[in-house]
Amino acid sequence: MTDPMIAARQRFFGTEVVDPGTGRVRPDRVVVSWFGCASFAVALGGTVFLLDAWVPRGLTAGYVPTTPAEVAALRPAAIFLGHGHFDHAADAGPIARASGAVVYGTAEHCAAVRRRVGDAELRCVELGSAASEPGDRFDPEFADPIAVTVVRHLHSAPTAKDRTPRGSAALRPRPCPCDIAAYRPGRAEVGHLARHLADAEGGTLLYQFRTDAFTLTWHDSSGPLLDRAPRVLEVLRSLPASDLHLGAVQGFNQYTNGLRDPRSYIEALRPAVFAPSHHDNWFPIMTTRGAAYREPLREELSRIPAERRPELRMLLDRDDYLAPARLTFTV
């Protein structure tokens, strides 16, 4: 029988990069595997870790083809939380407890994760608190050879229509309840959603991970930095340019200002490749499938001068869930 850790890693990262005897992931590969909303399993420098920890469910079941138990079987070294809402952190406690992963987040994230699993000793590295100022920077120790920088920023929020040249057209994709019938939830999924629907934000964090050969930046929300926290953009510009930028594109400001806010992050972080997240049908009474964002994203990126414009590596539900070949890089 295959070891559950090896089986999970081969499924998430690909059989060609995972040692079939030890489960070790090749350090000369960077592999990013999307498992819904803004959650990713990452292998970088031979270390496995998670960005957010929620397998989407509640109004659907089985839409994303994995479970929290399989994610825990990856034996991640860490779980990095962008913020505390249910669609980002609801599975963090159980996965951390089952896998031994260290959680990284604000003091409020840590308290919430520990409370949900009833374990005051669960290991969690506190990166400021909900009272931290936008633009505050943290540089926690993690795992050699990976350096980590964390920047406090803003959750998505509506702002007045930006009528300056930097503004963008409103984006109002039609919700798609189509998947509720095809992936009908049961009592367990509905109960999970009901228990976590009111989970607090607890502060919003952006993470950059660097090795000598690769820089990965991720954030699970895109706030109105241009209006409310321009200092954050200054901090992001001071960071090394990203080889891969994983950024949330769906947000509350899209109904007024379209994809202006995600573009502001992209312009500041200067990635070679941009892959969108938080744009799939994770909550199908207010969301739609990622295909609705494909052309608007291409149009938004076309506003960036060609010499600074990243390659758009589109992720589409459900085809690109647990599809490691989509975001595998040789270093």
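Now for a description of the structure that goes with this document.

Calculation rules
Residues numbered from 1 in each chain as written. Predicted model: local features only at pLDDT ≥ 70, side-chain atom pairs only at ≥ 80, totals over all residues. Heavy atoms only, no water. Helix = DSSP H or I, 4+ residues; strand = E, 2+ residues; numbered from the N terminus. Rg over C-alpha atoms; globule rule 2.2 N^0.38 Å. Buried < 20%, exposed > 50% of the residue type's maximum accessible area, 1.4 Å probe, protein only. Contact = heavy atoms within 4.5 Å. Areas by Shrake-Rupley, 256 points an atom, 1.4 Å probe, with all protein chains shown as cover. Lys, Arg positive; Asp, Glu negative; His and termini not counted. Charge placed at Lys NZ, Arg CZ, Asp CG, Glu CD. Phe/Tyr/Trp six-rings, centres within 6.5 Å; stacked < 30°, edge-to-face > 60°. Pairing = 2+ DSSP bridges. Axes fitted to C-alpha atoms, helices over the stretch in contact; angles between N-to-C directions. Polar contact = N/O pair within 3.5 Å; in protein donor to acceptor, adjacent residues only side chain to side chain.

## Quick look at the overall build of the protein
Part 1 of the argument: A tally of regular secondary structure across the protein gives 12 helices and 14 strands.
Part 2 of the argument: For 331 residues, the compact-globule estimate of 2.2 N^0.38 gives 20 Å, and the protein sits close to it at 19 Å.
Part 3 of the argument: Viewed in the frame of its principal axes, the protein has a C-alpha envelope of about 60 × 45 × 40 Å.
Part 4 of the argument: When each of the 331 residues of the protein is scored for burial, the buried share is 59%.
Part 5 of the argument: The contacts of the protein with a sequence gap of at least 6 include a subset with a gap of at least 24, amounting to 72%.
Part 6 of the argument: A total of about 13100 Å² of accessible surface is found on the protein, and carbon and sulfur atoms cover 51% of it.
Part 7 of the argument: Both charge centroids of the protein, one from 38 positive and one from 38 negative side chains, sit 4 Å from each other.

## Observations regarding helix α11 (residues 260–269)
Part 1 of the argument: Burial within α11 is extensive, with nine of its 10 residues counted as buried.
Part 2 of the argument: Within α11, burial applies to R260, D261, P262, R263, S264, Y265, I266, A268 and L269.
Part 3 of the argument: Looking one or two places after α11, you find R270, whose phi comes out positive at around 55°.

## Here we look at the packing of aromatic side chains
Part 1 of the argument: Counted according to the given criterion, the structure contains 20 aromatic pairs.
Part 2 of the argument: Seen from their ring centres, Y63 and Y321 are 5.9 Å apart, and the 75° between their planes marks the pair as edge-to-face. Placement of the pair is Y63 in the loop between β3 (47–51) and α2 (68–73) and Y321 in the loop between β13 (311–312) and β14 (328–330), with a sequence separation of 258 residues.
Part 3 of the argument: Since its relative accessible area comes to 1%, Y63 is described here as buried.
Part 4 of the argument: With a centroid separation of 6.0 Å and an interplanar angle of 85°, the aromatic rings of Y104 and F142 are classed as edge-to-face. Separated by 38 residues along the polypeptide, Y104 in strand β5 (residues 102–105) and F142 in the loop between β7 (137–138) and β8 (147–153) bring together distant segments of the chain.
Part 5 of the argument: Note on F142: relative accessible area 21%, which makes it partly exposed.

## Observations regarding the sheet that holds strand β6 (residues 124–126)
Part 1 of the argument: One open sheet holds the seven strands; their spatial order is β6-β5-β4-β3-β2-β1-β14, and the pairing between them is mixed. The open sheet has two edge strands, β6 and β14, and neither has a second partner. Across this sheet, the average inter-strand angle for adjacent strands is 20°, counted without regard to direction.
Part 2 of the argument: With four bridges connecting them, strand β1 (residues 29–34) and strand β2 (residues 40–44) associate as antiparallel partners. Opposite V32, over in β2, you have V42 as the bridge partner.
Part 3 of the argument: Helix α5 (residues 107–117) contacts β5 and β6 of the sheet and is inclined by roughly 155° relative to β6.

## Topic: helix α1 (residues 4–13)
Part 1 of the argument: Burial analysis of α1 places seven of its 10 residues in the buried class, which makes it a mostly covered element.
Part 2 of the argument: Of the residues making up α1, those classed as buried are M5, I6, A8, R9, Q10, F12 and F13.
Part 3 of the argument: Where α1 is buried, its residues touch β1, β2, β3 and α2.
Part 4 of the argument: Capping of α1 at its N-terminal end is provided by D3; its side-chain oxygen lies 2.7 Å from the backbone amide nitrogen of M5.
Part 5 of the argument: G14, located one to two residues past α1, shows a positive phi value of around 100°.

## A word on the sheet that holds β7
Part 1 of the argument: Spatially, the seven strands line up as an open sheet ordered β7-β8-β9-β10-β11-β12-β13, and their pairing is mixed. With one partner strand each, in any of the chains shown, β7 and β13 form the two edges of the open sheet.
Part 2 of the argument: Sitting on the sheet, helix α9 (residues 230–238) is in contact with β8 and β9 (204–210), with an inclination near 165° to β8.
Part 3 of the argument: On top of the sheet, α11 reaches β8, β9, β10 (215–219), β11 (244–248) and β12 (273–277); it is set at about 160° to β11, its chief contact.

## Quick look at the environment of S156
Part 1 of the argument: With respect to the element layout, S156 can be found in the loop between β8 and α6 (178–182).
Part 2 of the argument: Beyond its immediate chain neighbours, meaning those up to four positions away, S156 contacts S221, S222, G223, P224, G251 and F252.
Part 3 of the argument: Only 3.3 Å separates the side chain of S156 from the backbone nitrogen of F252, close enough to count as a polar contact.

## What to know about unusual backbone geometry
Part 1 of the argument: That bond from D144 to P145 is cis: its omega, 10°, falls within 30 degrees of zero.
Part 2 of the argument: Relative to the assigned elements, P145 resides in the loop between β7 and β8.
Part 3 of the argument: The omega torsion across D317 and R318 is 0°, close enough to zero to call that bond cis.
Part 4 of the argument: Tracing the backbone through its elements, the reader meets R318 in the loop between β13 and β14.
Part 5 of the argument: Even without being a glycine, D52 presents a positive backbone phi close to 65°.
Part 6 of the argument: In this fold, D52 is placed in the loop between β3 and α2.

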